[in-house]
Amino acid sequence: MLDLLIQYWGTLQSRAASGDSAALKLAQLRIMIYQLPMMYGLLIVNTWGMVLPHENQFPRWQGITCPLILTAFCLVRIFSWLRLARTQVTAKQAASVLSSTRWLAWVFAIVFTTWSLSLMPLGDEAFKLHVAFYMAITVIGVIFCLMHVLSAAFTVTAIVNGALVTTFLVSGNDVFQAVAIDTSLVSLAMLIVSFTHFRNFAALVATQSENRRLANIDSLTNLPNRRAFFDALDLHFESATASGNRLAVGLVDLDGFKSVNDIHGHSAGDQVLAEAATRLATACAGATVLARLGGDEFGLIVTGDCSDSRLSLFGRDIASAFGDPVVVGDSSVRLGATIGFSTYPQSSRNKADLFEAADYALYEGKRRGRGSATVFSQAHRNAIIRESQIAQALRSPDLDNELSIAFQPIVSLEEARTVGFEALARWHSATLGTIAPGEFIPAAERSGIINDLTLALFSKALACAAQWPSRIGLSFNLSAHDFADERVVEGLARRISESGIDPARLDFEITETAMAQDFEQVRHAAEEFRSMGCGLSVDDFGTGYSSLSYLCKLPLSRLKIDRTFVSGLKEGTTAFTVVRTLLSLSRQMMLECVIEGVETAAELQTVAGLGATLVQGYYCSRPMDASAIASYLASERTGVSA
Ligand code: C2E
Ligand code: CA
Ligand code: CA
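The rules we used
- Residues numbered from 1 in each chain as written.
- Chains lettered and ligands numbered in written order.
- Predicted model: local features only at pLDDT ≥ 70, side-chain atom pairs only at ≥ 80, totals over all residues.
- Heavy atoms only, no water.
- Helix = DSSP H or I, 4+ residues; strand = E, 2+ residues; numbered from the N terminus.
- Buried < 20%, exposed > 50% of the residue type's maximum accessible area, 1.4 Å probe, protein only.
- Contact = heavy atoms within 4.5 Å.
- Areas by Shrake-Rupley, 256 points an atom, 1.4 Å probe, with all protein chains shown as cover.
- Lys, Arg positive; Asp, Glu negative; His and termini not counted.
- Charge placed at Lys NZ, Arg CZ, Asp CG, Glu CD.
- Polar contact = N/O pair within 3.5 Å; in protein donor to acceptor, adjacent residues only side chain to side chain.
- Donors = N, O, S within 2.8 Å, 3.2 Å for Na, K, Ca; no water.
- Salt bridge = Lys/Arg side-chain N within 4 Å of Asp/Glu carboxyl O.
- Pairing = 2+ DSSP bridges.
- Axes fitted to C-alpha atoms, helices over the stretch in contact; angles between N-to-C directions.
- Domains from an automatic or database assignment.
- Near = heavy atom within 4 Å.
- Nonpolar A, V, L, I, M, F, W, Y, C, P; charged D, E, K, R; others polar.

Per an unreviewed UniProt entry, the protein carries the name Diguanylate cyclase (GGDEF)-like protein and comes from Paraburkholderia eburnea.

Here you go:
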């Protein structure tokens, strides 16, 4: 039995020495805050319960002064524990309170034992048994109350009951010896029960804290997860508002990640994310928090210096972290990172707004050109106000009348005539005036009304196309959001069949960026359009962040080379090489190719020299009203047009 106790004691000592986990210390303290005031209260009551019936037997210092000192000491301890109950205790403070409790147990047990034993000679056997009962029963109460600081419970039991048992064992009195044996056995049993209880308690706390850790960690990257990020944001925001310090929130989005999942599969995607997280952690070493918010989006919290220059520096470090390609199996993929920052109190004064502002800056960054860092500014705030005005105006009951379509010819160089028109949305709002599609289409996408808008515009475009000669095609732009909603694809198909127009005359345009957003949905919709007999074009080709394998996996019919490559096109320039390569690529893939944005005769000549067959641009014609099409086509027949 003694061996067992020694072994227990050793375990306790090593636990105390190695320092229990912070969570355990805090959990111990939380319980002690309620149990220790009770223990001191018990001591006061027990002491006076023992002293008062024998008041006349004691000298004053033993019967009054000592109990009064003990009571005062206990009251002070009760008061300090109650005060602790009202404060937010850190793990470090908890450790120090636990250590002082252990230390106090020694002092207190020695003083208490010395005083209690000093009373023994002052009375008869019955009195001695009362003192023994007082000591033993008080220790039992103390063991219960100190169950969560086991070493303190051991100390008190060993000193108080150890002294009592020894005194009674050597007394030569049979009754006292029997009491001593009883007391030691009960004490031992109590200690064993307490130890088992504490071991279970420590295991429970460890499980709870592991569960909490797992609930706050992203298992793929080992970074804090979304929940932990928002908890941290709560804390940092509170402290920034209290101290008046600045705070920045950053949102990082990986460019080109979606194609990794689509092309190489999800396990390669996971590998890439883990590698990206490692690179981000190195690049963001100065940030206070780096978390994975989900998918390929990461969040940063920056405290201290949140100046624009420091944030731009973060942006640069993050961008250069993705300079080298990430190796996946036998191949390697090139990624980029776009980051949007917002700062408190400059960007926003409230926490939800701060996150929204960072999200807006990220969205803007992606629109302007990936791989950049954008800090939310007053210009963005103005744009948000403007966007919300636009979103509101888009909800006008008269919207259908306010919308119209302009048509820009797509010209075949071989046939020297127009073979189709691209439908371009136009909007004249009664409240805001004329607004360009480059402004209202993104606003409609963000406010979730793009799908209705697409269907309304498509109906109008079809109604116009129905009036054209049957050889003239219609190209119609779709937004990424249109593919995400099955009802839009169905709505477009229904309108086509209701219009009676031959689907072979129709061509849907989709940007590379839209393709990359949800490739599976795009592919599904694309197959549906193609099975109806419609064409499918990749718009603004060369500006997005997509992969050639998308081109192979989609049933495309056309590429539209973006106008940025065409403006001022001259032999010997990189743009010239790009256009030549893309033209040859489209020929080899048996795709038609439209060169967009041809503005001058020189540009037309250059692209014609490169073998282009289809062109579109101001040089051929600016977008025109539906009512102008008939005379435009007629003038083409008579050779008036370019
Ligand atoms: P986009 O699809 O690339 O359309 C071509 C844009 O380039 C049109 O601008 C057109 O007016 C302009 N453009 C044509 N030729 C030239 C040229 O030679 N030089 C220059 N500098 N520009 C030229 P617009 O009409 O302002 O449309 C802008 C964008 O808005 C479109 O780009 C398209 O992405 C979007 N958009 C327009 N209508 C719709 C629509 O009905 N639905 C959707 N989802 N997006 C639309
Ligand atoms: Ca287009
Ligand atoms: Ca285009």
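A. Molecular detail of the overall build of the protein. From N to C terminus, the protein includes 24 helices and 17 strands. With the C-alpha coordinates aligned to their principal axes, the bounding extent of the protein is approximately 135 × 55 × 50 Å. Counting every position in the protein, which comprises 642 residues, the buried fraction comes to 48%. For the protein, restricting intrachain contacts to residue pairs at least 6 apart in sequence, the fraction spanning at least 24 positions comes to 70%. About 30,000 Å² of surface is accessible on the protein, with carbon and sulfur atoms providing 57% of the total. Distance between charge centroids for the protein: 5 Å, based on 51 positive and 61 negative side chains.

B. Highlighting the environment of Glu387. Turning to its location among the elements, Glu387 is positioned in helix α13 (residues 378-394). Taking the C-alpha atoms as reference points, Glu387 and Glu439, 52 residues apart in sequence, are found 8.1 Å from one another. Look past the residues within four positions of Glu387 in its chain and what remains in contact with it is Tyr360, Ala443 and Arg446. Here the side chain of Glu387 touches Arg446 through a polar contact of 3.2 Å, side chain to side chain.

C. Seen up close, the coordination of the calcium ion (ligand 2). Taken together, Glu422 (OE), Asn477 (OD1), Glu509 (OE) and Asp539 (OD) make up the full set of protein donors to the calcium ion (ligand 2), lying 2.1 to 2.3 Å away. Within one chain, the residues serving as donors to the calcium ion (ligand 2) are arranged as E-x54-N-x31-E-x29-D. In this structure, the calcium ion (ligand 2) lies 3.8 Å away from the calcium ion (ligand 3), the two metals sharing Asp539 as a donor. Remark: Asp539 occurs in strand β13 (residues 535-541) and Asn477 occurs in strand β11 (residues 473-477); sequence separation between them is 62 residues. Classification of Asp539 as buried rests on a relative accessible area of 6%.

D. Highlighting the pattern of salt bridges. A complete count under the given rule lists 17 salt bridges for this structure. Notably, a salt bridge pairs Glu422 with Lys560, separated by 2.9 Å at the nearest N-O pair. A residue pair is termed long-range when its members are at least 10 positions apart, and Glu422 in strand β9 (residues 417-429) and Lys560 in strand β14 (residues 558-561) qualify at 138 residues. With its nearest N and O atoms 3.7 Å apart, the salt bridge here joins Glu596 to Lys560. On the criterion of sequence distance, the pair formed by Glu596 in the loop between β15 (592-595) and α23 (601-609) and Lys560 in strand β14 is long-range, its members being 36 residues apart. Judged by its relative accessible area of 0%, Lys560 falls in the buried class. Each of the salt bridges in this network shares a partner with another, and the network as a whole consists of Glu422, Glu509, Lys560 and Glu596.

E. Expanded view of the sheet that holds strand β2 (residues 289-294). The sheet built from five strands is open, its strands ordered β2-β3-β1-β6-β7 with mixed pairing. Pairing within the sheet leaves two strands with one partner each, and these edge strands are β2 and β7 (373-375). The sheet shows a mean angle of 20 degrees between the axes of neighbouring strands, taken without regard to direction. Where β2 lies against strand β3 (residues 297-303), five bridges are found, and the strand directions are antiparallel. The partner of Gly294 across the bridge, within β3, is Glu297. Against the sheet, helix α10 (residues 266-283) contacts β1 (247-255), β2 and β3, and its axis sits at roughly 155 degrees relative to β2.

F. Examining the domain arrangement of the protein more closely. If you check the domain split of the protein, you get domain 1 (2-215), domain 2 (226-376) and domain 3 (396-637). For domain 1 versus domain 2, the separation of C-alpha centres amounts to 53 Å.

G. Summary view of the site of ligand 1. Looking at ligand 1, there are 21 residues lining it, with Gln408, Arg426, Arg563, Glu599 and Tyr618 nearest. Contacts to ligand 1 include Asp540, whose side-chain N or O atom sits 3.2 Å from an oxygen atom. Separating an oxygen atom of ligand 1 from a backbone N or O atom of Tyr618 is a distance of 2.8 Å. Those elements that place two or more of their residues in the shell around ligand 1 are β9, α15 (437-446) and β13. The leading source of residues in the shell around ligand 1 is β9, at four residues. Partitioned by chemical class, the residues of the shell around ligand 1 number nine nonpolar, five polar and seven charged.

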